[in-house]
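Given next are the chains, with one letter for each unit.
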Amino acid sequence: MRLVFLLLAAVAASLPVAAQPSAPASAPVPDRSYNGRAGRLDVVPPRLDHAIEVDGRLDEAVWAQAAVLGGFSRYAPVDGALADDATDVLVWYSPTALHFGIRASAPAGSVRATLADRDRIQSDDHVILFLSTYNDGRQAFVFGVNPLGVQLDGALSEGTRGSGGGFSGLAQGRETPDLNPDYVFQSKGRVTATGYEVEVRIPFKSIRYQAAAQQDWGIHVTRVIPQRGIEDSWAPAKREASSFLAQAGHLKALTDLRRGLVLDLNPVATAKLDGQTGADGWSYDPSRPEIGMNLRWGITPNLTMNGTVNPDFSQVESDAGQFSFDPRQALFFPEKRPFFLDGIEQFATPNNLIYTRRVVAPIAAAKITGKVTGRTNLAFLSAVDDAALSASGEDHPVFNILRVQQDVGARSKAALVYTDRIDGNRSNRVIGADARLLWNNIYSVTVQGALSRTATPFAVTTAPLWQGVFARTGRRFAVRYTARGVDPDFRAAAGFISRTGVASANLNHQLITYGKPGSVLDRWSSDIVLDGTWQYDELMAGRSSQDRKLHFNNNFTLRGGWRVGGSVLFETFGYDGGLYSNYVLGRPEGDGLEFVPFVGEPRLPNLDYVFSANTPQRAGVEFDALVLWGKDENFYEWSSADIVFLNLGAAWRPTEQLRVDARYQLQSFRRRSDGSIVGIRRIPRLKAEYQLSRSIFVRMVGEFNSDWQDDLRDDSRTNLPIYVRNAAGGYDRAAKSYVKSFRADWLFSYQPTPGTVVFAGYGNTLADLDEDPRTSRLRRTADGFFLKVSYLFRM
């Protein structure tokens, strides 16, 4: 029977079976949530062939398909804690643009948002996107938005903008981006009942990226809440790491990115009317309108060419006045002119061997920037300057600037730089190399060497510059050791060297303490800094340092965004004969004077104190202060003085549209011998802006500059009067002087996008014409009207 059953079963199994309807298979739903705290940092954004309106509302169906970046954690002031408020960043891309949607939760009524000017949203709540389009962990485009969609943009190139120092101690965390470059992108936002939402569209034709058919990009996203002094990050970055960008997440498998033709034409028209006094009183000298053209061509996705003919390089706002702690050092003013700002991060070098403001008034210029291979960055600039700036007044100075950077390993890089300025039969050429090596996340070494060759009809000189920096950026212990030397004959006609002929060594050790969760103290850093400065030739001869400093700095970050600092400075400065080579003393001799050499005290000891404070924004107001006082050198007479340096700032945002910034600077030197004032300078400055709309604002800037100097004398030795050699070879008394001036600038600005602008303004300068402070008064010495109109045509 068992055998029969088995046979029947086999026959039944061989018979055809009618097909049964099967349940439809449900396609797996992809997980589009990328939680930063959980380490899900490799994001695969969907590519969707959609075109949407950027309206600040994330209600289109396409946003439901976007990847979601969430799980933010604290980055500043202390990293590691969970974020207090939830933030989700939605991301997808179309064939022509990258789209972000930001949903930021916040307690009701706590969102700070103003109708600010571009790049002026730091006092508002804002979110910053760092896009490392070459995925090299070294450089990134920066795009930021506040809750209303007002934009901030720039570039971050790590290792080129310093690492803190001074009274504030060694810096920890990401470097500050350069916000001068502007890019065309769209954004709009709105404040909601639960926080705010912002929509961002970044066209691929506005940025440079790899030429590969499929590529990965690095991405960081941070959310800043300035009124609480905190910054949250999607990727759980550590502040002590030597690279912020190397800790980024990634946008993976981006494919078929289409920029189309990248050709921007930007015609510019300018007109000005300058006023001056003449025989018939005040009159205006109208100049002919100037027409210029800027061009931007995306040769490939990773290489861009810019050109300009007869550009307008006038600034719409004068540079703010600065004080110098040491008259032997030149003051640095940043580049603000649009042509030079596109790709400026590619020209950044240690020691500012490239400084584009040396090209003062070019007739024409061209540059190429980008990545020529997967690991090689190229930046080249050539410009022809105005003949009025040449030594002969007839030749046109020609600049050529080349910067090549090679990625080394996962995070390091090496670079070459070449610059020249050729002015008829005069020339200056600089060639240099530098490298930045990173390892074990917290260690870095930066080295640089350069050689200049300067030729005139009378002589040819060559001279070196060198620097080495070792840094450890630990969580609780950090160090930075720097050695640097600049030969007296080193010249960089296309760069900025604040002081030549010196060598220095700086040793900085920092201990860091963190407060307990919920305590008043967030972070306390304590620095001990040992610094020595030599005359370069004295160091080469093996002699001792000229200036010596021992600084003790303490800086506290308190809960809620308050920052307080204090320092004690022990210093000695050696007499610098070169600074006083034109000084002599007038000694009575019969009925006349005998001029004898001025020889200062060999060494002056100093003891100074520093206090600094920064407040978070409260009720639309924030303050900052730096006060330095004590016994310090009086450079006027080379003697000890009681000094006061004061720098006070206030920012007031009473409404969404009005911004008022005030600053007061004071520099005072009082003789210790009799308490008299040898010199005092004051610079109050006020800037007021009213934003009529996102693209229109009006601005007023006023700055008063008052500089008073007493009759100079040899205060530390003989008390004899000081005389200064004049151009004719004689000597003039270093007599009492009082100089004061007032500069006012008014501006109407319409700028819907970078490149499309209407600027209309008026500026005037008032100065005194009488050195007696009792009778002097301000009189108009210069003024002018200007108009600038440009339009960006995007092909």
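Description of the structure in this document. Just so you know, these numbers come straight off a predicted model, no measurement behind them.

How each quantity is defined
- Residues numbered from 1 in each chain as written.
- Predicted model: local features only at pLDDT ≥ 70, side-chain atom pairs only at ≥ 80, totals over all residues.
- Heavy atoms only, no water.
- Helix = DSSP H or I, 4+ residues; strand = E, 2+ residues; numbered from the N terminus.
- Rg over C-alpha atoms; globule rule 2.2 N^0.38 Å.
- Buried < 20%, exposed > 50% of the residue type's maximum accessible area, 1.4 Å probe, protein only.
- Contact = heavy atoms within 4.5 Å.
- Areas by Shrake-Rupley, 256 points an atom, 1.4 Å probe, with all protein chains shown as cover.
- Lys, Arg positive; Asp, Glu negative; His and termini not counted.
- Charge placed at Lys NZ, Arg CZ, Asp CG, Glu CD.
- Phe/Tyr/Trp six-rings, centres within 6.5 Å; stacked < 30°, edge-to-face > 60°.
- Lys NZ or Arg CZ within 6 Å of the ring centre and 35° of its normal.
- Pairing = 2+ DSSP bridges.
- Axes fitted to C-alpha atoms, helices over the stretch in contact; angles between N-to-C directions.
- Salt bridge = Lys/Arg side-chain N within 4 Å of Asp/Glu carboxyl O.
- Patch = residues over 30% accessible without salt bridge, like charges linked within 9 Å, V, L, I, M, F, W, Y side chains within 5 Å.
- Core = buried A, V, L, I, M, F, W, Y, C linked by side-chain atoms within 4.5 Å.
- Polar contact = N/O pair within 3.5 Å; in protein donor to acceptor, adjacent residues only side chain to side chain.

### Some thoughts on the overall build of the chain
(1) Moving on: The helix and strand inventory of the chain stands at three helices and 44 strands.
(2) Moving on: Here the C-alpha radius of gyration of the chain, 31 Å, is about what a compact globule of 795 residues would show, namely 28 Å.
(3) Moving on: Projected onto its principal axes, the C-alpha positions of the chain cover 150 × 60 × 55 Å.
(4) Moving on: Across the 795 residues that make up the chain, the buried fraction comes to 49%.
(5) Moving on: Residue pairs in contact within the chain that sit at least 24 positions apart in sequence constitute 62% of those at least 6 positions apart.
(6) Moving on: For the chain, the exposed surface amounts to about 35,900 Å²; the carbon and sulfur share of it is 58%.
(7) Moving on: A distance of 5 Å separates the average location of the 88 positive side-chain charges in the chain from that of its 86 negative side-chain charges.

### Details of the environment of alanine 492
(1) Moving on: Its place among the elements puts alanine 492 in the loop between strand E26 (477-486) and strand E27 (502-514).
(2) Moving on: If we ignore the near neighbours within four places in the chain, the residues touching alanine 492 are Asn428, Val430 and Ile497.

### Regarding the packing of aromatic side chains
When we look at a pair of aromatic rings, we describe it by the centre distance and by the angle of the planes.
(1) Moving on: With the rule as written, the count across this model stands at 33 aromatic pairs.
(2) Moving on: Ring geometry for phenylalanine 130 against phenylalanine 244: centres 5.3 Å apart, planes inclined by 75°, an arrangement best described as edge-to-face. Taken as a pair, phenylalanine 130 in strand E7 (residues 126-132) and phenylalanine 244 in the loop between strand E13 (230-233) and strand E14 (249-255) lie far apart in primary sequence, 114 residues in all. Each member of the pair, phenylalanine 130 together with phenylalanine 244, is buried.
(3) Moving on: Both rings, one in tyrosine 583 and one in phenylalanine 598, keep their centres 5.5 Å apart while their planes meet at 75°; by these two values the pair is edge-to-face. Linking tyrosine 583 in strand E31 (residues 583-589) with phenylalanine 598 in the loop between strand E32 (592-597) and strand E33 (603-614), this pair joins segments that are 15 residues apart in sequence.
(4) Moving on: Linked through ring pairs, Phe573, Tyr575, Tyr580, Tyr583, Phe598, Phe635 and Trp638 together constitute an aromatic cluster.
(5) Moving on: Lying over the aromatic face of tyrosine 723, arginine 733 brings its terminal NZ or CZ to 5.9 Å of the ring centre.

### Focus: the sheet that holds strand E39 (residues 722-725)
(1) Moving on: Here we have four strands laid out as an open sheet, ordered E32-E31-E39-E40, and antiparallel in their pairing. Both edges of this open sheet fall to E32 and strand E40 (731-733), since each of them pairs with a single strand only. Here the average twist between neighbouring strands, direction ignored, is 45°.
(2) Moving on: Summarising the sheet, E31 and E32 pair through six bridges and their orientation is antiparallel. The residue bridging glycine 586 from the neighbouring strand is phenylalanine 595, located in E32.

### Quick notes on the environment of glycine 70
(1) Moving on: With respect to the secondary-structure elements, glycine 70 resides in strand E3 (residues 67-70).
(2) Moving on: Remark: the alpha-carbon pair of glycine 70 and glutamate 240, spanning 170 residues in sequence, is separated by 23 Å.
(3) Moving on: Setting aside residues no more than four positions away along its own chain, glycine 70 makes contact with Tyr34, Asn35, Gly36, Thr87, Asp88 and Trp234.

### Considerations on the pattern of salt bridges
(1) Moving on: Inspection of the entire model under this criterion finds 43 salt bridges.
(2) Moving on: Measuring nitrogen to oxygen at the nearest pair gives 3.1 Å for the salt bridge that ties aspartate 256 to arginine 47. One end of the pair, aspartate 256, is in the loop between E14 and strand E15 (263-278); the other, arginine 47, is in the loop between strand E2 (42-43) and E3, and 209 residues separate them in sequence.
(3) Moving on: With a relative accessible area of 38%, aspartate 256 lands in the partly exposed category.
(4) Moving on: The salt bridge involving lysine 371 is made with aspartate 407; its shortest N-O contact spans 3.0 Å. Note that lysine 371 is positioned in strand E19 (residues 362-371) and aspartate 407 in strand E21 (residues 398-408), a separation of 36 residues in sequence.
(5) Moving on: Classification of lysine 371 as buried rests on a relative accessible area of 1%.

### Focus on unusual backbone geometry
(1) Moving on: Geometrically, the link from alanine 76 to proline 77 is a cis peptide bond, its omega value of 5° lying close to zero.
(2) Moving on: Residue placement: proline 77 occurs in the loop between strand E4 (73-76) and strand E5 (87-93).
(3) Moving on: Even without a glycine there, the phi angle at aspartate 119 is positive, about 65°.
(4) Moving on: A positive phi angle, close to 50°, is found at aspartate 256, a residue other than glycine.

### Considerations on the sheet that holds E5
(1) Moving on: Sheet architecture is open: six strands sit in the order E1-E3-E5-E6-E11-E10, paired in mixed fashion. Each of the sheet's edge strands pairs with one partner strand only, and the pair in question is strand E1 (33-35) and strand E10 (186-192). Each strand of the sheet is rotated relative to its neighbour by a mean of 15°, with strand direction disregarded.

### Observations concerning a nonpolar patch on the surface
(1) Moving on: Taken together, the side chains of Leu261, Leu295, Trp297, Ile299, Tyr791, Phe793 and Met795 define a hydrophobic patch exposed on the protein surface, amounting to about 640 Å² of accessible area.
(2) Moving on: If you tally residues by element for the nonpolar patch, the top one is strand E17 (residues 290-300), at three residues.
(3) Moving on: Tracing the chain through its elements places tryptophan 297 in strand E17.

### Here we look at the nonpolar core
(1) Moving on: With 38 residues, the main nonpolar core has Leu98, Phe100, Phe143, Trp217, Val221 and Trp234 as its most contacted residues.
(2) Moving on: Counting only elements with at least two residues in this core, the list comes to E3, E5, strand E6 (97-105), E7, strand E8 (139-145), strand E11 (195-203), strand E12 (214-225) and E14.
(3) Moving on: Setting aside chain neighbours within four positions, we find valine 221 in contact with Leu69, Phe72, Val89, Val127, Ile128, Leu129, Asp232, Ser233 and Trp234.
(4) Moving on: Val359, Ala365, Ala379 and Ile401 belong to the second largest nonpolar core, which has 22 residues in total.

### Side note on the side chain of threonine 222
(1) Moving on: Summarising the element assignment, threonine 222 is placed in strand E12.
(2) Moving on: In this structure the side chain of threonine 222 is engaged in a polar contact, spanning 3.0 Å, whose partner is the side chain of glutamate 231.
(3) Moving on: In contact with threonine 222, other than residues within four places in its own chain, are His126, Val127, Ile128, Phe130, Glu231, Asp232, Ser233 and Phe244.

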